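# Structural overview
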Amino acid sequence: MEEGVGTPPQELFEAMDAYIGEQAAKGVFLDGGGLHGTEDAVNFVVRQGEVSRVDGPYAEAKEVVGGWAIMQYDSLEDAVADQREFAELHAKYWPEVTVISTLRQISTGPEAPGA
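Residues numbered from 1 in each chain as written. Predicted model: local features only at pLDDT ≥ 70, side-chain atom pairs only at ≥ 80, totals over all residues. Heavy atoms only, no water.

A few words on helix α1 (residues 10-25). Along its 16 residues, α1 runs 23 Å from first to last C-alpha, staying within 8% of the 22 Å computed at 1.5 Å per residue. Among the structural elements, β1 (29-34), β4 (67-71) and α2 (76-93) are those in contact with the buried residues of α1. One or two residues past the end of α1 sits G27, with phi positive at roughly 80°. (Helix = DSSP H or I, 4+ residues; strand = E, 2+ residues; numbered from the N terminus. Expected span 1.5 Å × (residues − 1). Contact = heavy atoms within 4.5 Å.)

Okay, structure coming up:
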């Protein structure tokens, strides 16, 4: 999401609490949480075998990861449908903010996704 857009509306917090509660009750939501802004972030950059530490804030950062969730689904179709529901909650309760919701598989080894 965009950096520095303020606190989400209380209605979104309430809708997300209900949504997460429903997903947890179904055994889909495993873990998740919000993240603070980049002003206190620390990055380690590996470039050509050298490690350097880079502290925030980052002037070039226009979008940041605002939160995360670990979910478990029976199918990709279920995951995509649920991801859309998550995005629709943000569209309904915080329409003035641009939020990009990304769905990715967790890697459990060197094999290709879906293997």
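With zero of its six residues buried, strand β3 (residues 50-55) lies for the most part at the surface. The sheet contact formed by strand β2 (residues 42-47) and β3 spans six bridges and is antiparallel. Considered in β3, the bridge of V46 is made with V51. With antiparallel pairing between neighbouring strands as the criterion, β2 and β3 make up a hairpin whose turn holds two residues, including Q48 at a positive phi of roughly 55°. (Buried < 20%, exposed > 50% of the residue type's maximum accessible area, 1.4 Å probe, protein only. Pairing = 2+ DSSP bridges.)

Given two aromatic rings, their pairing is described by the distance between the two centres and the angle made by the two planes. Under the criterion given, the structure shown has one aromatic pair. On the numbers, 6.3 Å between centres and 50° between planes, the contact of Y19 with F86 is tilted. Note that Y19 is positioned in helix α1 and F86 in helix α2, a separation of 67 residues in sequence. We classify F86 as partly exposed; its relative accessible area is 23%. (Phe/Tyr/Trp six-rings, centres within 6.5 Å; stacked < 30°, edge-to-face > 60°.)

To continue, consider the nonpolar core. Counting residues in hydrophobic clusters, the biggest one holds seven residues: L12, A15, M16, Y19, L89, W94 and V97. With four residues, the single largest contributor to this core is α1. Aside from chain neighbours lying at most four places away, what touches V97 is M1, E2 and V5. (Core = buried A, V, L, I, M, F, W, Y, C linked by side-chain atoms within 4.5 Å.)

Looking at the element boundaries, Y73 is found in the loop between β4 and α2. Sequence separation of Y73 and V28 is 45 residues, and the distance between their C-alpha atoms is 6.2 Å. Contact partners of Y73, with chain neighbours within four places excluded, come to V28, D78, A79 and D82. In terms of polar contacts, Y73 uses its side chain to reach the side chain of D82, at 2.3 Å. (Polar contact = N/O pair within 3.5 Å; in protein donor to acceptor, adjacent residues only side chain to side chain.)

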